[in-house]
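# Commentary on secondary and tertiary structure
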Amino acid sequence: MLGDAVAYRFGLDDGAVEGPGPRVNILGSAPINATRLVRLLGDWLGTGDTLYEQLAERIRQLARTGTIPAGTRLPSERSLGTALGISRNTVARAFDELRAEGVLASRTGDGTYVVAGARNLVPDDDRLGSFASLADGAGQRIDLRSAALPGLRMTADEIGSLDELRVRDLVASHGYLPAGLPELRAAIASYYDDLGLPTEPEQILVTSGAQQALRLVASLHVAPGSVVAIEEPSFRGAIHSLRALGARLVGIPTGPSGLDVDALATTLARVRPVLLVLQSTVHNPTGSVTDSLHRSRIAGLATRFGVPVVANSTLADTVIDGDRTPLPLAAGSDLVITIGSMSKLFWGGLRVGWARAHPDLVERLTALKGGEDLGTSVIAQVIAARLLGRVEEARDERRAILEKARRCVLDAVAALLPGWEPHVPAGGASLWVRLPTVSATAFAQRADRDGVRVLPGPTFSAFEGFDDHLRIAFSGPNDLTLRGIELLAGTWAGFVDG
Ligand SMILES: Cc1ncc(COP(=O)(O)O)c(C=O)c1O
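Residues numbered from 1 in each chain as written. Predicted model: local features only at pLDDT ≥ 70, side-chain atom pairs only at ≥ 80, totals over all residues. Heavy atoms only, no water.

### Observations concerning empty space enclosed by the protein
Where we set the bar: Here a cavity denotes grid points, spaced 1 Å and computed from the protein atoms alone, that fit a 1.4 Å probe unable to get out, and a pocket denotes an open set having protein on both sides within 12 Å along at least 5 of 7 lines; residues with an atom within 4 Å of a point are the lining. Grid points are joined across faces, edges and corners, and a volume is the space filled by probe spheres set on the points. Every helix listed is a DSSP run of H or I at least four residues long, and every strand listed is a run of E at least two residues long, numbered separately from the N terminus. Under the convention adopted here, Pro, Cys and the residues Ala, Val, Leu, Ile, Met, Phe, Trp and Tyr are nonpolar, Asp, Glu, Lys and Arg are charged, and Gly plus all remaining residues are polar.
Scanning the model with the defined rule gives three cavities of 30 Å³ or more in all. Counted as a void, the largest cavity has a volume near 140 Å³. Taken together, 20 residues line the largest cavity, and the ones lying closest to its centre are Leu195, Thr281, Ser313, Ala316 and Pro328. Within the residue set of the lining of the largest cavity, elements represented by two or more residues are helix 8 (182–194) and strand 14 (336–341). It is strand 14 that provides the largest number of residues to the lining of the largest cavity, a total of three residues. Here the lining of the largest cavity is composed, by residue class, of 10 nonpolar, six polar and four charged.

This is the structure:
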């Protein structure tokens, strides 16, 4: 017979728990560990109430919305306290209050569970908070969590100079184009031609950002229980989309020169995933760019094992060092599906991205997208097509901005935080840094209370790993980034001293 703990973990059975008042039945579900709970807590610190009341309120809210479903076993008071950088007593008081209200219940020797609330009503997307503006409220806190860049001036110019006749023409049609505006599909195809990857417009599906492209491609390949290989660390949005589809993730280590190709070969031979998801041209969060030798080895392995690859190239136009237009991975294998975006070069607010794949796959993806949103905004696509005509100029501008911002953040870290080990990013707008032997989750919590926000490493891990890393975004004005690093240095001095 299965023990209680096992039954809870896999949700196989009902369990009765001790709560206030009558005994309550809760359904079992996976336990949540401290670093993950900290991520879900997100912006739990407000103003006014005591720490324990603020913590209790946020947990109450997460239970009410079903973000932490009923039946979830919470981490111990001690481990949550450590991860939050607060005392165990504070967590204990919050838990006591929630137990008294019947939101939580404890079973002797078996921890604390969520009782009240809904089951899985909302996806547990813990990223949305990180799109907050750089300095929140009265400018009290500096937010270095989001690496999303402000749009280039040329984006505003193109929006402002939309030709009235052209718009009238467009508005005279019905405007539903699930596969995308033909002129944009052609512009994206020639963007790839120019990168040395011959492409026909029929190979392009226009999407509402790379995020939608990722999700559509994943949903065509992944069924509940499917094994998917993904870089470790990786982009949180990909982890979320895959998890939401029920994928079982297997991690492939990735570092300064990109994916560990030997580890990839072993994994492909052993588990035959239905999909491999990676970022070879500017990796989020490490900022690395895979060199051409590694690229051809990865493409060769994909072909040899017959594994489709999602090459998420959202950040491809933000290369700072070396060849800024490396040959896309798809040049090495027909099994590679390339995902791209206007977001990082021109502006995220356009919400225009794409998938490049075999025309048959594009047709299936188009049917899926049509069922989802009937097509991306035509106006945004007209602007995107015009902007792609200025891609060279935009790359020059982006590179100059990023190079300066990177120098600013690297100099500041070297001067103020000499024990930290930054990985110099070859592209993108964030710095992946290794901290000497502390919990980055706990440190980020402490820094938040000191007025600066950064993302701890486990945010980018499918396995709650990298708690010795932080990601510091440098997408905002350099003086704010600098001020943020100064605040981090202040927190660090207090943190390592005790
Ligand atoms: C690696 C990566 N992929 C995809 C996205 C989402 O891009 P889009 O704005 O095109 O949906 C982001 C945005 O942060 C990203 O960093």
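### Let's talk about the site of the ligand
As a reminder of what qualifies: The rule for a residue being near a molecule or strand is that one of its heavy atoms must lie within 4 Å of it. Within 3.5 Å is the distance limit for a polar contact, defined as a pair of N or O atoms, with the added protein rule that one can donate a hydrogen and the other accept it, and that residues adjacent in sequence qualify only through two side-chain atoms. Computed with a 1.4 Å probe, the accessible areas rest on the Shrake-Rupley method; for each residue, only the protein chains presented here act as cover.
Residues in contact with the ligand, as listed here, are Gly209, Ala210, Gln211, Phe235, Gln279, Asn284, Asn312, Thr314, Ser341, Ser343, Lys344 and Arg351. Ala210 is positioned such that a nitrogen or oxygen atom in its backbone is 2.7 Å from an oxygen atom of the ligand. At a separation of 2.6 Å, an oxygen atom of the ligand approaches a polar side-chain atom of Ser341. Across the complex, the protein chains shield 89% of the 400 Å² of accessible surface that the ligand would expose by itself. Here the element with the most residues in the shell around the ligand is helix 9 (residues 209–221); it accounts for three residues. Of the residues assigned to the shell around the ligand, the class counts are two nonpolar, eight polar and two charged.

### Structural notes on the pattern of salt bridges
Using the following cut-off: When a carboxyl oxygen of Asp or Glu lies within 4 Å of a side-chain nitrogen of Lys or Arg, that pair is called a salt bridge. Whether a residue is buried, partly exposed or exposed follows from its accessible area with a 1.4 Å probe, protein chains only, as a fraction of its type maximum: under 20%, in between, or over 50%, in that order.
Applying the stated criterion across every chain, the model contains 30 salt bridges. For the salt bridge of Arg60 with Glu101, the shortest nitrogen-to-oxygen distance reads 2.7 Å. Pair noted here: Arg60 is in helix 3 (residues 51–64) and Glu101 is in helix 5 (residues 88–101), with a separation of 41 residues, a long-range link. Take Arg60: its relative accessible area is 17%, and that puts it in the buried class. Take Glu101: its relative accessible area is 42%, and that puts it in the partly exposed class. Its salt-bridge partner being Glu392, residue Arg324 comes within 3.0 Å of it at the nearest N-O pair. Here the residue Arg324 occupies a position in the loop between strand 13 (309–312) and strand 14, and Glu392 occupies one in helix 15 (residues 391–416), the gap between them amounting to 68 residues. Overall, the relative accessible area of 47% leaves Glu392 in the partly exposed class.

### Section: a negative patch on the surface
This is how it is decided: Patch construction takes residues with relative accessible area above 30% that form no salt bridge. Like charges are linked within 9 Å, and nonpolar side chains (Val, Leu, Ile, Met, Phe, Trp, Tyr) are linked within 5 Å. Counting rule for charge: Lys and Arg are taken as positive, Asp and Glu as negative, and neither His nor the chain ends is counted. A single reference atom marks each charge: NZ on Lys, CZ on Arg, CG on Asp, CD on Glu.
Taken together, the side chains of Asp193, Asp194, Glu200 and Glu202 make up a negatively charged region of the molecular surface. Asp193 sits in the partly exposed class, given a relative accessible area of 37%.

### Some details on helix 5
What counts is decided by this rule: Helices are assigned an expected span. That span is 1.5 Å times one less than the residue count. Residue contacts are counted whenever heavy atoms from the two residues lie within 4.5 Å of one another.
For helix 5, which comprises 14 residues, the first-to-last C-alpha distance of 20 Å matches the rise-based estimate of 20 Å (1.5 Å per residue) to within 8%. Taken residue by residue, helix 5 has Thr90, Val91, Ala92, Ala94, Phe95, Leu98 and Arg99 as its buried positions. Those residues of helix 5 that are buried are in contact with helix 3, strand 3 (73–74), helix 4 (77–84), strand 4 (104–106) and strand 5 (112–114). Phi for Gly102, located one or two positions after helix 5, is positive at around 85 degrees.

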